[in-house]
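Remarks on the overall topology
Spelled out from the first residue to the last, the chains are:
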Amino acid sequence: MEFTMESRYGKKTLADMSRALRKTTRKKSNRRSMIWAWVVLVLNLLFFLTPGEEGFVWNWNRILNGAAALLMIFVILRQDAINGFFARKRMLKGNGYSRVTFGEEGYTSTTENAMTQWSYQALAAIGESEENLIFILDKRYAQAWEKDSLEGGTMEQLRQFLTEKTGLPITRV
């Protein structure tokens, strides 16, 4: 059985890839980073809200602490979109579109620049979002394909096929 899918690497797809990496191979380091971020945020808010010797006075320290707290909140809430933005900036020209063919021995990914054959054993994890199927290769690299572009079978058949070929569960992200 042969399945094909394609993807255009836009903001949503890259954010999904970032989320999949964060919830699979980067899970432990992300947990540490989030604990650190929340501790810094709470300390920043304490410095912002604690009145000084003259009471609550708007000075440059207070404004800077408030701005830093707002920035931390923004980064915590939008980390996947931010990572996707920087991934898009680092992406080579011609890699914005990808087509994949899943075969018995492995899968073939085709972009404007190259055609690459991959073994299913190269995968560290498989993630699935509402719109994308995401292959995680390691802590920094992933590939994603839009589920609505699937040809050659149903999504359920593809899930079963990939689970059988890789031995990996498909993680919902």
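Residues numbered from 1 in each chain as written. Predicted model: local features only at pLDDT ≥ 70, side-chain atom pairs only at ≥ 80, totals over all residues. Heavy atoms only, no water.

What about the side chain of Asp16?
- Among the secondary structure elements, Asp16 is positioned in helix α1 (residues 11-23).
- Owing to a relative accessible area of 1%, Asp16 belongs among the buried residues under this scheme.
- Separated by 2.9 Å, the side chains of Asp16 and Ser129 make a polar contact.
- Those residues within four positions of Asp16 in sequence are excluded, and the remaining contacts are Ser129, Asn132 and Ile134. (Helix = DSSP H or I, 4+ residues; strand = E, 2+ residues; numbered from the N terminus. Buried < 20%, exposed > 50% of the residue type's maximum accessible area, 1.4 Å probe, protein only. Polar contact = N/O pair within 3.5 Å; in protein donor to acceptor, adjacent residues only side chain to side chain. Contact = heavy atoms within 4.5 Å.)

Section: the packing of aromatic side chains
- Under the criterion given, the structure shown has 14 aromatic pairs.
- Between Tyr107 and Trp118 the ring centres are 6.3 Å apart and the planes differ by 10 degrees, which places this aromatic pair in the stacked class. Pair noted here: Tyr107 is in strand β3 (residues 106-110) and Trp118 is in strand β4 (residues 115-119), with a separation of 11 residues, a long-range link.
- The buried category is assigned to Tyr107, whose relative accessible area is 0%.
- By relative accessible area, Trp118 is classed as partly exposed at 26%.
- A connected cluster of aromatic rings, assembled from ring pairs, spans Phe3, Phe102, Tyr107, Trp118, Tyr120, Phe135, Trp145 and Phe161.
- Taking the ring centre of Phe56 as reference, the NZ or CZ of Arg62 above it sits at 4.2 Å. (Phe/Tyr/Trp six-rings, centres within 6.5 Å; stacked < 30°, edge-to-face > 60°. Lys NZ or Arg CZ within 6 Å of the ring centre and 35° of its normal.)

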